[in-house]
Amino acid sequence: MYSKRHPILKDAPHKELILGNDAFVRGMVESGVKIATAYPGSPTSEIGVRLAEITEESGIYFEFSTNEKVATEIAATAAIGLLPSTVFMKSVGLNVAADSFVQLSMYTMPGGLVVILGDDPGPHSSQNEQDNRHYAKIGHIPMIEPANAQEAKDYFVFAMSYANKWKMPVVVRSTTRICHQTGLVEYGPIKNTEVKTGYDPNLEGGYVPLPATLKPLKTKALLNLQKWEDLANSGALLTEEKFGDGKPEIGIITAGHAYAATKAALRILGATANILKLGIIYPLPMKKIIKFIKENKTVKILEELDPFIEEQVKMTLFEEGITDVRIIGKHKEQEYVDLMISEYTTARLVDMFSKLLDKPNPIITASSKIDIPKRSPVLCPGCGHRTSFHAAKIVLDKLKGYSMADIGCYSLGYLDPHNQGTLLYSMGSGVPTAAGMKLALPDTPIMSFVGDSTFFHAAMPGIVNAVFNKHRTVLMVIISFR
Ligand SMILES: Cc1ncc(C[n+]2csc(CCOP(=O)(O)OP(=O)(O)O)c2C)c(N)n1
Ligand code: SF4
C-alpha cells in the first residue's frame, strides 16, 4: 500500500495541478506499472525525476539506462516476463532505440509495454524536429496522442490497459507543449495488483525472428494493428465537436497540441468549425474520418510537422473515388515548406485561419511592434566546460586545427566566445567525425569533445573504432563540475 505522501500517489477522488510529465507518472501508478526505464532528454526528462522520487512508495522499479536502446530492451523484456512496463525517451532517442523498437510489435508481451515518446516540434531542445509518428508505421505499432495533461494521464492508462489485454507494445506520443504544460488532472483509482512473473520462450511464435520464423511474427503484428484500427473506428479516444455559435465555417481534423491551439485561434477570430479530434493517430480511424469529410466537404487537416495524417487520408479518398471534397493540408499549399517547420502556436494558427476564412487578424499589428532581442542558450556561469574550450581554442588556433562537437551542454562551445566543436550529427558522433575529417585533412590537427554521459551512451564504439583503425585524432573527455 502507498503511504499517500507524495502528491502523485494520492487516492482518487482527487484533483492536482501537475505537469504533463507528472501526469504520465500518475498514469503509470494508476495502471500498475512495475518497471520503468529511460535515457533522459527533453521533453520527457522530468518523468524520470518524479519516478525517482516515488520508487520506494510506489514499488515501481526505475532506472536511467545507458541509452535508449538499452532502456527499451530492458522494459520490453520485463513486459515479456509479465511485468507491466514502460520506457520513455525524447524524439531523437528513438533513433538510438530503433534497432530493437522496430522488432517490438512482433513479440507477445503479456505484461504490456507502453513507450512514451517526447517529440520536440520547434525544436526547443533538440538537434532536429523529426516527426516520430512515422516510426509507428515503420514498427507496425499503434500510437496515441494526448492533447493536455489530463489526457496524458488518461491516455497512458488506456494504452497500458490495451497493451496488457492484447499483450503488445503501444506508443503514447507526446510533444514538448504537452509534457511541459501544467494542468488540473483528475485522478483515477490506483491498480495495486500483485503480478506473477513467468516466461514462455515459445509463446505465440517465440522471440527469435529468423528468416524462417519471421512470417508468423509479422502477421501477428499486422493483425494486432487491425484490432487497433477497429478500436479507432469504434470511436475510442475520438471526439467530434462543433466549436462556436452558428453555422460551422469549416471542418478541421487535428490531434495533440494542435487541437488546443486550434480552439484558441478560432476563439480569437470568432470563427466556427466542426472539429474531429483524433486520439488514436495510428492506425487512423479512417471510417470516421471519411464520414466527417463527406459531411463537411471542405476540411483542414491541422497537424504539426509532416503531413502524416493528410497523406493517409488523401490515399483513402483516392482509393474510394471521393472527389467532391476539398482537403487543405500542406501538399500543394504555397507555404508548403513553412508549414512543415516548427510548432503551430496559437498566433500562427490565427494567421492561418484568418487567411483561410477571410477574417481580419487581430494579432499582427500588436505583435509586429515588439522587437524582442534573440537570446541563445549559454553555458552556466562557472561551468567547467568553459575552461576546456578555452584551452582547446588556444591550441587549435595556433595549430590551425579543427574540433568536432558532440551532444551535451558542451555543444554550446560552438557559440561565441569559444567557437569550438564545428560539426555535429548526434550523440557519440564526435570521434567518428574527427576520424572522417582526419582522412580528408591528414595534415591538420583534429580533435573532438565528449561528455561523460555521451561517452557511455554512444561514444564508446566510435572510440574503439578509432583505436583499432588507428585514426590519429585527439579526444577530450570533459566533465563539468560547477
Ligand atoms: C539520442 C539522444 N538522447 C538524449 C539526448 C538528450 N541529451 C542531450 S545531451 C544529454 C546528456 C549529455 O551529458 P554529457 O555528455 O555528460 O554532457 P553535459 O551536458 O554534462 O556537458 C542528453 C541526455 C539527445 N540529444 N540525443
Ligand atoms: S555541464 Fe553543468 S554547469 Fe555546464 S552548462 Fe551544463 S548544467 Fe551548466
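Residues numbered from 1 in each chain as written. Chains lettered and ligands numbered in written order. Predicted model: local features only at pLDDT ≥ 70, side-chain atom pairs only at ≥ 80, totals over all residues.

1. Structural notes on unusual backbone geometry
The criterion, for reference: Here a strand is any run of E in DSSP of at least two residues, a helix any run of H or I of at least four, and the numbering for each starts at the N terminus.
Here the amide bond leading from S42 into P43 is cis, since omega sits at 15°, within 30 degrees of zero. Mapped onto the elements, P43 comes out in the loop between β2 (35-38) and α2 (45-58). In the segment running from Y282 into P283, the intervening peptide bond is cis, with an omega of -5°. Its place among the elements puts P283 in the loop between β12 (280-282) and α10 (286-296). Although it is not a glycine, L305 adopts a positive phi angle of roughly 65°. When you line up the elements, L305 lands in the loop between β13 (298-302) and α11 (308-319).

2. Considerations on the site of ligand 1
The cut-off we apply is this: As used in this record, a residue near a molecule or strand is one whose C-beta atom, placed from the backbone, is within 6 Å of it. Think of it as three bins: nonpolar holds Ala, Val, Leu, Ile, Met, Phe, Trp, Tyr, Cys and Pro, charged holds Asp, Glu, Lys and Arg, and polar takes everything else, Gly as well.
In the vicinity of ligand 1 lie 17 residues, with G41, G408, G451, S453 and T454 positioned nearest. Looking at the shell around ligand 1, the elements that each hand over two or more residues are α4 (93-101) and α17 (452-468). Here the element with the most residues in the shell around ligand 1 is α17; it accounts for 3 residues. The class makeup of the residues in the shell around ligand 1 is 8 nonpolar, 7 polar and 2 charged.

3. Side note on the site of ligand 2
Of all residues adjacent to ligand 2, which total 7 residues, the nearest are L379, C380, C383, C409 and S480. Grouping the amino acids of the shell around ligand 2 by side-chain chemistry returns 4 nonpolar, 2 polar and 1 charged.

4. Observations concerning the pairing of strand β5 (residues 113-119)
Quick note on the threshold: For the exposure call, what matters is how many other C-beta atoms sit within 10 Å of a residue's own: 20 or more marks it buried, 12 or fewer exposed, and in between partly exposed, using C-beta atoms placed from the backbone. We call two strands paired when DSSP finds no fewer than two bridges between them. Every crossover in which the path from the first strand over the helix to the second runs clockwise, viewed with the strands pointing away from the viewer, is termed right-handed.
With respect to burial, β5 is a largely interior element, 7 of its 7 residues being buried. With burial as the criterion, each face of β5 is covered, one bearing L113, V115, L117 and D119 and the other bearing V114, I116 and G118. Alignment of strand β4 (residues 85-90) against β5, held across 6 bridges, turns out to be parallel. Bridging across to β5, K90 finds its partner in G118. The β-α-β motif built from β4, the intervening α4 and the parallel element β5 has right-handed crossover chirality. As judged from the 7 bridges shared by β5 and strand β7 (residues 169-175), these two strands associate in the parallel manner.

5. What to know about the sheet that holds strand β3 (residues 61-64)
Heads up, the rule is: Our contact criterion uses C-beta atoms placed from the backbone: two residues qualify when those atoms are within 7 Å. Angular values range over 0 to 180 degrees, each being the angle between N-to-C directions of two axes fitted as lines to C-alpha atoms, with helices fitted over their stretch in contact.
The 7 strands lie next to each other as β3-β2-β4-β5-β7-β6-β12, forming an open sheet whose pairing is mixed. Both outer strands of the open sheet, β3 and β12, are each paired with one neighbouring strand and no more. Packed onto the sheet, α2 meets β2, β3, β4 and β5 and runs at close to 140° relative to β3. Packing against the sheet, helix α6 (residues 149-165) makes contact with β5, β6 (143-144) and β7, and its axis sits at approximately 165° to β7.

6. Focus on the environment of S65
Within the element layout of this structure, S65 appears in the loop between β3 and α3 (68-80). Along the chain, S65 and T37 lie 28 residues apart, while their C-alpha atoms are 6.5 Å from each other. When residues no more than four places from it in sequence are discounted, the contact partners of S65 are T37, A38, Y39, V70, A71 and I74.

7. Considerations on the domain arrangement of the chain
Heads up, the rule is: Each domain's extent is set by a domain assignment, obtained either automatically or from a database.
Its domain assignment divides the chain into domain 1 (7-233), domain 2 (239-368) and domain 3 (384-478). One C-alpha centre belongs to domain 1, the other to domain 2, and the line joining them spans 28 Å. Within the residue set of the side of domain 1 that touches domain 2, elements represented by two or more residues are α5 (133-139), β6, β7, α7 (176-179) and α8 (214-233). Looking at the side of domain 1 that touches domain 2 element by element, the count peaks at 6 residues for α8. In terms of residue class, the side of domain 1 that touches domain 2 is made up of 12 nonpolar, 5 polar and 8 charged.

8. Points about the packing of helix α1 (residues 20-30) against α2
Quick note on the threshold: Two helices crossing with the near one rotated counterclockwise from the far one by less than a right angle form a left-handed crossing, whereas a clockwise rotation gives a right-handed crossing.
Where α1 meets α2, the axes come as close as 9 Å, and the angle between the chain directions of the two elements is 35°. The two elements α1 and α2 cross, and the hand of that crossing is right-handed. Where α1 abuts α2, its residues N21, D22, F24, V25 and V29 lie against E46, I47, R50, L51 and S58. Of the residues assigned to the contact of α1 with α2, the class counts are 5 nonpolar, 2 polar and 3 charged.

9. Describing the sheet that holds strand β16 (residues 446-451)
Overall, parallel pairing links the 3 strands, which are arranged β15-β16-β17 in an open sheet. What marks the edges here is a single partner per strand, and that holds for β15 (402-404) and β17 (474-478). Looking at each pair of strands side by side, their axes are set apart by 25° on average, direction ignored. Here β16 pairs with β17 via 5 bridges, running parallel. Bridged to S448 within β17 is L475. Packing against the sheet, helix α16 (residues 430-440) makes contact with β15, β16 and β17, and its axis sits at approximately 175° to β16. Its contacts with the sheet place α17 against β16 and β17, and it is angled at close to 135° to β16.

10. Remarks on the nonpolar core
Keep this limit in mind: Note on definitions: a nonpolar core is a set of buried residues drawn from Ala, Val, Leu, Ile, Met, Phe, Trp, Tyr and Cys, linked by C-beta atoms within 7 Å.
The biggest cluster of nonpolar side chains holds 125 residues, and the ones touching the most others in it are M89, L113, V114, I144, F156, A159 and I253. When residues in this core are grouped by element, the largest group, 9 residues, is from α6. Residues contacting L113, with those up to four places away along its chain left out, are A75, A76, A79, S85, T86, L104, A163 and P169.

11. Some points on the pairing of β7
Successive residues of a regular strand alternate their side chains across the two faces of the sheet. Buried residues dominate β7, accounting for 7 of its 7 residues. On β7, burial covers both faces: P169, V171, R173 and T175 on one face and V170, V172 and S174 on the other are all buried. Relative to β7, β6 is paired through 2 bridges, and the arrangement is parallel. In the strand pairing of β7, I144 is matched with V172. Viewed along the sheet, the connection from β6 through α6 into β7 turns out right-handed.

12. Some words on the environment of E304
For E304, the location among the structural elements is in the loop between β13 and α11. A count of 27 C-beta atoms within 10 Å places E304 in the buried class. In sequence terms E304 and T254 are 50 residues apart; their C-alpha atoms lie 9.3 Å from each other. Residues contacting E304, with those up to four places away along its chain left out, are P121, A258, E343 and Y344.

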